Amino acid sequence: MSTEVLPDDRALRLGRRQRALEQMAAHDLDILVLGRQANVRYVSGTPQLWVAGTRPFGPTCVLVRATGAVHLLSTWDEGVPDDIPHENLYGISWNPLNTIAVLQRIEGAATARRVGTDALSPVFAQLLPTAFPNAELVDGELAMRAARRIKTDQEVAALRHAIAVAESGLAAAVAELRPGVSEQLLAGVLLEALAAGGVSTPSNQDVVWVTSRDHPWRLVDGDGRVQDGDLVAFSAGVLADGYIGEVGRTWPAGGAAPLYRRWEALWQKLIAACQPDARAGELLVAYAASGEPDPPMPVARGLGMGFDPPVISSQLPRTAADERLEPGMVLAVTGYVWERGIGAVFGREAVLITADGPEVLTSCPMWRA
């Protein structure tokens, strides 16, 4: 098995970079300084190594609008595409003043008028103005959100691959479902199948659970074993080549449940709301029109490199009212219905908004009553 770290496909990374440059122009940014890992990979096309976990902001990637040049924090060439020359790499330093000295030497740094940054820390809030002495420091995350919310054709292809891997894991776990089996075993089967599909990084922690018959959203107390008649939720998600693919399904252990017809009626309203130029709040209206209470999770959120905008939730009514769906968005849309004494039916689909309407990217079946 090859352990070589490879950059993202050329068409994929250059298409993303062009979108970032277009949004820099739209937001009047001369230079964009990035520290968030998804943004760094989006612009550079370079898988970042040794960066797991939470860490403070640092100027990891710099994009210059006038030249399109990318400068990257990296002490080696592995995984760095050939369109980022070696002289544009700068190493890790314990002294932030050394990093600032590198930024000062970037072509255009001295004359930049507006510099955007996707995050900031107290230290770099003081130091970055010295790297760009004539620039106003502004929020650059707005430009990155605008770029990332609409997917290129190559990004949609990458998402299809990630979703297919997630579906393979879900199918393997469902095949092992039976009364008496433990949630832990089902989760292990699911994660093993993901790894066999070439992805060892799940995107979420809770992947299998017995839905509660007593509470709308709570894990069942007990030994974690499936009982006859339980409704068991599966949430398979992966981070494959930088992109998150997700699918959710609920399968009964033993007898059937009437909730599936309610879920199907809700889903028909949700997918009908996924139209280009529609208000995102229509997804919340779909729940009300179906007579179902708002779910405990977002009704929809963007899929991409990490969690992309928008996030549509009843907890964010103003966001839902202001957002509009646009061609090129990919959403994880969730249908959720619950009834006391029975449990819940949870289903999550990946939906691409096109100029002609919604296209469901997930293909694994939902249990039918």
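Position numbers for residues start from 1 in each chain and track the written sequence from start to end. Selection of residues for local features in this predicted model requires a pLDDT of at least 70, selection of side-chain atom pairs for listing and counting requires 80 or more, and totals for whole chains, interfaces and linings are taken over all residues. Excluding hydrogens and water, the side-chain figures rest on all heavy atoms present in the structure.

(A) Representation of the overall build of the chain within the structure. Assigned secondary structure in the chain consists of 10 helices and 14 strands. Using C-alpha atoms as the atom set, the radius of gyration is obtained and then compared with a globule rule of 2.2 Å times the number of residues to the power 0.38. For the chain, whose C-alpha radius of gyration is 23 Å, the value lies close to the compact-globule estimate of 21 Å for 369 residues. For the C-alpha atoms alone, the extent of the chain along its principal axes is close to 70 × 45 × 35 Å. Remark: exposure states derive from per-residue accessible area (1.4 Å probe, protein chains only) relative to the maximum for the residue type, with buried under 20%, exposed over 50%, and partly exposed in between. When each of the 369 residues of the chain is scored for burial, the buried share is 52%. Contacts are assigned to residue pairs that have any heavy atoms within 4.5 Å of one another. Counting contacts in the chain only where the partners sit at least 6 residues apart, residues at least 24 apart contribute 68% of the total. Computed with a 1.4 Å probe, the accessible areas rest on the Shrake-Rupley method; for each residue, only the protein chains presented here act as cover. When the accessible surface of the chain is summed, it comes to about 16,700 Å², and 53% of that surface belongs to carbon and sulfur atoms. Runs of E in the DSSP output that reach at least two residues are strands. Runs of H or I that reach at least four are helices, and both are numbered from the N terminus.

(B) Focus on the domain arrangement of the chain. Considered domain by domain, the chain is made up of domain 1 (8-147) and domain 2 (151-358). What gets called buried area is simply the loss in accessible area from a 1.4 Å probe that two parts show on being joined, summed for both. Both sides of the domain 1 and domain 2 interface together cover about 750 Å² of buried area, and 69% of this is carbon and sulfur. When the buried surface of domain 1 facing domain 2 is broken down by residue, Leu12, Arg16 and Arg41 rank first, second and third, together holding 48% of it. Polar contact is the term for a pair of N or O atoms within 3.5 Å; when the atoms are in protein, one must be able to donate a hydrogen and the other to accept it, and sequence-neighboring residues count only if both atoms are side-chain atoms. Seen at the junction of domain 1 and domain 2, the total is 2 residue pairs in polar contact (both at pLDDT 80 or more). Elements that contribute at least two residues to the side of domain 1 that touches domain 2 include exactly helix H1 (10-26) and helix H2 (37-44). When residues of the side of domain 1 that touches domain 2 are assigned to their parent elements, the largest contribution, 5 residues, is made by H1. Residue classes follow a fixed rule: Ala, Val, Leu, Ile, Met, Phe, Trp, Tyr, Cys and Pro count as nonpolar, while Asp, Glu, Lys and Arg count as charged, and any other residue, Gly among them, counts as polar. Looking at the side of domain 1 that touches domain 2 residue by residue, the class counts come to 4 nonpolar, 1 polar and 5 charged. Where each domain starts and ends follows an automatic or database-derived domain assignment.

(C) Quick look at helix H5 (residues 141-149). Most of H5 is tucked away, with 7 of its 9 residues classed as buried. In this structure, the buried residues of H5 make contact with H1, strand E1 (31-34), H2, strand E5 (114-117), strand E6 (136-139) and strand E11 (306-312).

(D) The arrangement of the pairing of strand E8 (residues 231-240) in detail. Counting buried residues along E8, 9 of its 10 residues qualify, which places the element largely inside the surrounding structure. With 10 bridges joining them, E8 and strand E9 (residues 243-252) adopt antiparallel strand pairing. In the strand pairing of E9, Ala233 is matched with Thr250. When DSSP finds two or more bridges between two strands, those strands count as paired. Linkage of E8 to E9, two consecutive antiparallel strands, is achieved through a turn of 2 residues, within which Asp241 is found at a positive phi near 55°.

(E) Structural detail: the packing of helix H3 (residues 96-104) against helix H4 (residues 122-131). What counts as an axis is a line fitted to C-alpha atoms, over the stretch in contact for a helix, and the angles between N-to-C directions run from 0 to 180 degrees. Remark: H3 packs on H4, axes separated minimally by 9 Å, with the N-to-C direction vectors making an angle of 30°. In terms of axis orientation, H3 runs roughly parallel to H4. Every pair of crossing elements has a handedness; the one defined by H3 and H4 is right-handed. Only Val123, Phe124, Leu127, Leu128, Thr130 and Ala131 of H4 make contact with H3, whose side of the interface consists of Pro96, Leu97, Ile100, Leu103 and Gln104. Across the contact of H3 with H4, the residue classes tally to 9 nonpolar, 2 polar and no charged. What sets the label is the angle itself: under 35 degrees gives roughly parallel, over 145 gives roughly antiparallel, 65 to 115 gives roughly perpendicular, and the rest give oblique. Crossing handedness is read from the near helix: turned anticlockwise from the far helix by less than a right angle, it gives a left-handed crossing, and turned clockwise, a right-handed one.

(F) Region of interest: the packing of aromatic side chains. Within 6.5 Å between ring centres, the rings of Phe, Tyr and Trp (the latter by its six-membered ring) count as paired, and their orientation is classed by plane angle as stacked under 30 degrees, edge-to-face over 60, tilted in between. Summed over all chains, the structure comprises 6 aromatic pairs. Between Trp217 and Tyr336, the ring centres sit 5.5 Å apart and the planes meet at 70°, which makes this aromatic pair edge-to-face. Remark: Tyr336 occurs in strand E12 (residues 330-339) and Trp217 occurs in the loop between strand E7 (208-210) and E8; sequence separation between them is 119 residues. Among the aromatic residues, those joined into a ring-pair cluster are Trp209, Trp217, Tyr336 and Phe346. Any Lys NZ or Arg CZ that is within 6 Å of a ring centre and within 35 degrees of that ring's normal is treated as a charge sitting over the ring. Arg16 extends its terminal NZ or CZ atom over the ring of Tyr42, reaching a point 5.6 Å from the ring centre.

(G) Quick peek at unusual backbone geometry. Residues Pro309 and Pro310 are joined by a peptide bond in cis, for which omega reads 5°. Mapping Pro310 onto the fold places it in strand E11. Despite not being glycine, Asp28 has its phi angle at roughly 55°, a positive value. By secondary structure assignment, the location of Asp28 is in the loop between H1 and E1. Judged by its relative accessible area of 29%, Asp28 is partly exposed. The backbone phi angle of Asp241 is positive, close to 55°, even though this residue is not glycine. Here Asp241 shows up in the loop between E8 and E9.

(H) Structural detail: the side chain of Ser235. Within the fold, Ser235 resides in strand E8. Not counting the four nearest positions on each side in its chain, Ser235 is found in contact with Asn204, Asp206, Val207, Trp209, Val247, Gly248, Phe346 and Arg348.

(I) Molecular detail of the environment of Leu6. Looking at the secondary structure, you find Leu6 in the segment before H1. Sequence separation between Leu6 and Val285 is 279 residues, and the spatial gap between their C-alpha atoms is 44 Å.

(J) Representation of the sheet that holds E6 in the model. The strand order E4-E3-E2-E1-E5-E6 describes an open sheet built from 6 strands, whose pairing is mixed. Each having just a single partner strand, strand E4 (89-90) and E6 make up the two edges of the open sheet. As paired strands, E1 and strand E2 (residues 61-64) are joined by 4 bridges and run antiparallel to one another. When the sheet's bridge partners are listed, Leu32 is paired in E2 with Leu63. Running at roughly 65° to E2, H1 makes contact with E1, E2 and strand E3 (70-73) of the sheet.

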